[in-house]
Amino acid sequence: MTSANENLAFDALSDRVRRQILSILGEGEFTVTEIADRVGVVGRTTVSSHLRVLRTSGIVTERRDGRLRHYSLDAEGSVRDAFNFLQSLLEASVRVAEREQDGPATARREAG
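Just so it is clear, the model here is predicted, and its values are computed rather than measured. (Residues numbered from 1 in each chain as written. Predicted model: local features only at pLDDT ≥ 70, side-chain atom pairs only at ≥ 80, totals over all residues. Heavy atoms only, no water.)

1. Regarding the pattern of salt bridges
So, point 1. Taken as a whole, this structure holds 5 salt bridges when the rule is applied.
So, point 2. Note that Arg-55 is salt-bridged to Glu-62, the shortest N-O span being 3.6 Å.
So, point 3. Accessibility expressed as a relative area gives 31% for Arg-55, which makes it partly exposed.
So, point 4. Given the relative accessible area of 25%, Glu-62 is considered partly exposed.
So, point 5. In this structure, the salt-bridge partner of Glu-62 is Arg-69, at a minimum N-O distance of 3.6 Å.
So, point 6. When salt bridges that share partners are traced, they join Arg-55, Glu-62, Arg-64 and Arg-69 into one network. (Salt bridge = Lys/Arg side-chain N within 4 Å of Asp/Glu carboxyl O. Buried < 20%, exposed > 50% of the residue type's maximum accessible area, 1.4 Å probe, protein only.)

Below is the structure:
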């Protein structure tokens, strides 16, 4: 079952432009203008709207410096919950694949 934080993160990650913004923020801290210049497919106002979604979902943090706002990834935010969920799915999938490779004898032993 997913938590509210996971749901927020997955909703925020569902948009291609937001994922592009996150890729940029993976390189460090940037202002809206710097992000908009690098995204290229949408303008500054749209980038600001996407950043608002990412901030309210707990994926991005904002630091104010005078009139400028600097954005960066929030490693402790809701994206961590989403990552943990995905990681648990992948680990379970690997365990199933390993059992299938080992054959029926291993599956019977583990069940038994």
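Moving on from the coordinates now.
2. Points about the sheet that holds strand 2 (residues 60–65)
So, point 1. Pairing within the open sheet is antiparallel, and its 3 strands lie in the order 1-3-2. A single partner strand is all that each edge strand has here, and the edge strands are strand 1 (30–31) and strand 2.
So, point 2. As paired strands, strand 2 and strand 3 (residues 68–73) are joined by 6 bridges and run antiparallel to one another. Bridge pairing links Asp-65 to Leu-68 in strand 3. (Pairing = 2+ DSSP bridges. Helix = DSSP H or I, 4+ residues; strand = E, 2+ residues; numbered from the N terminus.)

3. Things to note about the pairing of strand 3
So, point 1. Judged from the 2 bridges that link them, strand 1 and strand 3 form a sheet pairing that is antiparallel. Counterpart to Phe-30 in the pairing with strand 3 is Tyr-71.
So, point 2. The turn joining strand 2 and strand 3, which pair antiparallel and follow one another in sequence, is formed by 2 residues; a positive phi near 65 degrees is taken by Gly-66.

4. Here's the deal with the nonpolar core
So, point 1. Counting 19 residues, the largest nonpolar core has Ile-21, Leu-25, Ile-35, Leu-51 and Val-60 as its most contacted members.
So, point 2. Taken together, the elements giving at least two residues each to this core come down to helix 1 (4–13), helix 2 (16–25), helix 3 (32–39) and helix 4 (44–56).
So, point 3. Of the residues forming this core, the biggest block, 5 residues, is contributed by helix 2.
So, point 4. When residues no more than four places from it in sequence are discounted, the contact partners of Leu-51 are Ile-21, Leu-25, Val-32, Ile-35, Val-60 and Tyr-71. (Core = buried A, V, L, I, M, F, W, Y, C linked by side-chain atoms within 4.5 Å. Contact = heavy atoms within 4.5 Å.)

5. Looking at the environment of Gly-28
So, point 1. With respect to the helices and strands, Gly-28 occurs in the loop between helix 2 and strand 1.
So, point 2. Owing to a relative accessible area of 26%, Gly-28 belongs among the partly exposed residues under this scheme.

6. With respect to the packing of helix 2 against helix 4
So, point 1. Look at helix 2 against helix 4: their axes get within 10 Å of each other, and the N-to-C directions meet at 80 degrees. As summarised for this structure, helix 2 and helix 4 are arranged roughly perpendicular, according to the angle between their axes. Judged by residue contacts, Val-17, Arg-18, Ile-21, Leu-22 and Leu-25 of helix 2 engage Val-47, His-50, Leu-51, Val-53 and Leu-54 from helix 4.
So, point 2. Across the contact of helix 2 with helix 4, the residue classes tally to 8 nonpolar, 1 polar and 1 charged. (Axes fitted to C-alpha atoms, helices over the stretch in contact; angles between N-to-C directions. Parallel < 35°, antiparallel > 145°, perpendicular 65-115°, else oblique. Nonpolar A, V, L, I, M, F, W, Y, C, P; charged D, E, K, R; others polar.)

7. As for helix 4
So, point 1. Taking 1.5 Å of rise per residue, 13 residues should cover 18 Å, and helix 4 covers 18 Å from first to last C-alpha, within 8% of that figure.
So, point 2. Taken residue by residue, helix 4 has Val-47, His-50, Leu-51 and Leu-54 as its buried positions. Viewed end-on, helix 4 has its buried residues packed into an arc of 105 degrees, placing them on one side of the element. Of the exposed residues in helix 4, the ones pointing more than 90 degrees away from its buried face are Thr-45 and Thr-56.
So, point 3. Following helix 4 by one or two positions, Gly-58 has its phi on the positive side, about 85 degrees. (Expected span 1.5 Å × (residues − 1). Arc of directions from axis to C-beta.)

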